[in-house]
Protein chains: 2
Amino acid sequence: MPDEASFTLDPRLAQDTVPLGNLPLSRVLLMNDANYPWLILVPRRPNLVELIDLDNSGQATLMIEIAQAARALKEITACDKLNVAALGNTVRQLHVHVIARRKDDPAGARPVWGTVPAQAYAAAERDRLAGALRAALGLR
Amino acid sequence: MPDEASFTLDPRLAQDTVPLGNLPLSRVLLMNDANYPWLILVPRRPNLVELIDLDNSGQATLMIEIAQAARALKEITACDKLNVAALGNTVRQLHVHVIARRKDDPAGARPVWGTVPAQAYAAAERDRLAGALRAALGLR
């Protein structure tokens, strides 16, 4: 993938997540927040802020990877709805949230961002979910 | 487009927006909220809830249309950041928000949903923005 060597993950994203591995375009991260099963995809190209900073081919690949992440979460979690979002209001590096929502989760009908404080996973639960997601996404 | 005849727009989306026209897949709506220049894309196929309810071809087309909407907003508005999201926490029909954000807009670093009440456009401003967006998107 061109420019991958000069990609560096935003330190805030690195701090808040567990790395699951790399899809062809995106690094896949598991948000360390037991309130919601929550993946973040970060395209491994330098200096991306907006979806439209990716070329057409990159946008198409990103959509394929978003769908893979969404299907993996739907398979593994008992979710009622998926949320997909590229916001970037606080972390500018382009990243896409793919979140499994339940009607009875702490955010309810609200968006998850800023609603309740993140709740770190217990190690065993984190490892179990990370393992299931890696398997569903074909990551090692 | 298959199944388009049986597509009906969710009444809540219809009520909150001004229709701008149809791209090949999506109906394009302007949110009637002067706080933020805010487009909504609604794929015109029946019974869609999740992005992954679209087939691969529909997903690819939707990404192209998201990028068109994002570029149109970036051209026309003095925005600092774009937000792109398919949430569906309150309206289940699949719809994608494409929102032009400014650092000094009413939501600041927060997401727009539920942050401040919508502020309807004055008719002249609504028509000016709708016209500029239709032109940028090639809609009639």
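It should be emphasised that the depicted structure is a prediction, and the values quoted were computed from it without experimental measurement.

Q: Would you explain the sheet that holds strand β4 (residues 81–86) of chain B in this entry?
A: Working definition: the strands of a sheet are paired by backbone hydrogen bonds and lie parallel or antiparallel to each other. Read from one edge of the open sheet, ten strands run β1(A)-β2(A)-β3(A)-β5(A)-β4(A)-β4(B)-β5(B)-β3(B)-β2(B)-β1(B), paired in antiparallel fashion. Strands at the two margins of the open sheet, each flanked by one partner only, are β1 (17–22) of chain A together with β1 (17–22) of chain B. The average undirected angle you get between the axes of adjacent strands in this sheet is 20°. Looking at chain direction, β4 of chain B and strand β5 (residues 96–101) of chain B are connected through five bridges and run antiparallel. Its bridge partner being in β5 of chain B, L82 of chain B is matched across the sheet by A100 of chain B. The strands touched by helix α2 (residues 56–76) of chain A are β2 (26–31), β3 (38–43), β4 (81–86) and β5 (96–101) of chain A; relative to β5 of chain A, the strand with the most contacts, the crossing angle is about 20°.

Q: Would you take a moment to explain the pairing of β4 of chain B for this structure?
A: Look at any regular strand and the pattern is simple: side chains alternate between the two faces of the sheet. Of all six residues in β4 of chain B, six are buried; the element is thus mostly enclosed. Judged by which residues are buried, β4 of chain B turns out to be covered on both faces: K81, N83 and A85 of chain B on one side and L82, V84 and A86 of chain B on the other are all buried. Sheet analysis places β4 of chain A next to β4 of chain B, joined by three bridges and oriented antiparallel. Note on β4 of chain B: the bridge partner recorded for A86 of chain A is V84 of chain B.

Q: For this particular structure, what's the right way to read the relation of the copies chain B and chain A?
A: To go from the first copy of the chain to the second, apply a rotation about an axis and then a shift along the same axis. Take chain B, turn it by 180°, move it 0.0 Å along the axis, and it overlays chain A with an RMSD of 0.0 Å. Overall, the copies show the geometry of a two-fold rotation axis. Within chain B, A85 of chain B has its C-alpha nearest the rotation axis, a separation of 2.0 Å.

Q: Help me out: how do you make sense of the interface of chain B and chain A in this one?
A: Size of an interface, as often reported, equals the accessible area lost when the parts are brought together. At the interface, 29 residues of chain B touch 29 residues of chain A. Taking both partners together, chain B and chain A bury about 2700 Å²; carbon and sulfur atoms supply 61% of that area. On the chain B side of the interface with chain A, the three residues burying the most area are I52, M63 and K81 of chain B, jointly 25% of the side's total. Viewed at the interface, chain A and chain B are joined by two salt bridges. Between K81 of chain A and E50 of chain B there is a salt bridge, with its nearest N and O atoms 2.8 Å apart. The leading source of residues in the side of chain B that touches chain A is helix α2 (residues 56–76) of chain B, at eight residues. Classifying every residue of the side of chain B that touches chain A by side-chain character gives 16 nonpolar, five polar and eight charged.

Q: How should helix α3 (residues 123–137) of chain B be read in this particular structure?
A: Given 3.6 residues per helical turn, the α-helix brings residues three or four places apart onto the same face. All names here are of chain B. The first and last C-alpha atoms of α3 sit 21 Å apart over 15 residues, in line with the 21 Å expected at 1.5 Å per residue. What α3 keeps buried is the set L129, A130, L133 and L137. An end-on view of α3 places all buried positions within 100° of arc, on one side of the element. For α3, exposure combined with an orientation more than 90 degrees from the buried face picks out A124 and A135. Against the buried residues of α3 lie β1, β2 (26–31), β3 (38–43) and α2. G138, located one to two residues past α3, shows a positive phi value of around 65°.

Q: Where do I start with unusual backbone geometry in this structure?
A: When glycine is set aside, most residues are seen to have a negative phi, and most peptide bonds are trans. Although it is not a glycine, N47 of chain A sits at a positive phi angle of roughly 65°. Its location among the elements puts N47 of chain A in the loop between β3 and α2.

Q: How do you make sense of the side chain of H95 of chain A when you look at a structure like this?
A: Residue and element names in this part refer to chain A. With respect to the helices and strands, H95 occurs in the loop between β4 and β5. On the basis of relative accessible area, H95 is assigned to the buried category, the value being 6%. Side-chain polar atoms of H95 contact the backbone oxygen of Q93, separated by 2.6 Å. Once you skip the residues sitting within four places of it in the chain, H95 turns out to touch L13, I40, L41, V42, A85, A86 and G88.

Q: I'm lost on the packing of α2 of chain A against α2 of chain B in this one. Help?
A: Geometrically, a packed helix pair is captured by the angle between its two axes and the distance between the axes. Here α2 of chain A crosses α2 of chain B at 125°, and the two axes come no closer than 9 Å. By the angle between their directions, the pair α2 of chain A and α2 of chain B is classed as oblique. Here the hand of the crossing between α2 of chain A and α2 of chain B comes out right-handed. Residues Q59, L62, M63 and A67 of chain A of α2 of chain A pack against Q59, L62, M63 and A67 of chain B of α2 of chain B.

Cut-off values and rules
Residues numbered from 1 in each chain as written. Chains lettered and ligands numbered in written order. Predicted model: local features only at pLDDT ≥ 70, side-chain atom pairs only at ≥ 80, totals over all residues. Heavy atoms only, no water. Pairing = 2+ DSSP bridges. Helix = DSSP H or I, 4+ residues; strand = E, 2+ residues; numbered from the N terminus. Axes fitted to C-alpha atoms, helices over the stretch in contact; angles between N-to-C directions. Contact = heavy atoms within 4.5 Å. Buried < 20%, exposed > 50% of the residue type's maximum accessible area, 1.4 Å probe, protein only. Least-squares fit on C-alpha atoms with pLDDT ≥ 70 in both. Buried area = accessible area lost by both parts, 1.4 Å probe. Salt bridge = Lys/Arg side-chain N within 4 Å of Asp/Glu carboxyl O. Nonpolar A, V, L, I, M, F, W, Y, C, P; charged D, E, K, R; others polar. Expected span 1.5 Å × (residues − 1). Arc of directions from axis to C-beta. Polar contact = N/O pair within 3.5 Å; in protein donor to acceptor, adjacent residues only side chain to side chain. Parallel < 35°, antiparallel > 145°, perpendicular 65-115°, else oblique. Left-handed = near helix turned anticlockwise from the far one by under 90°.

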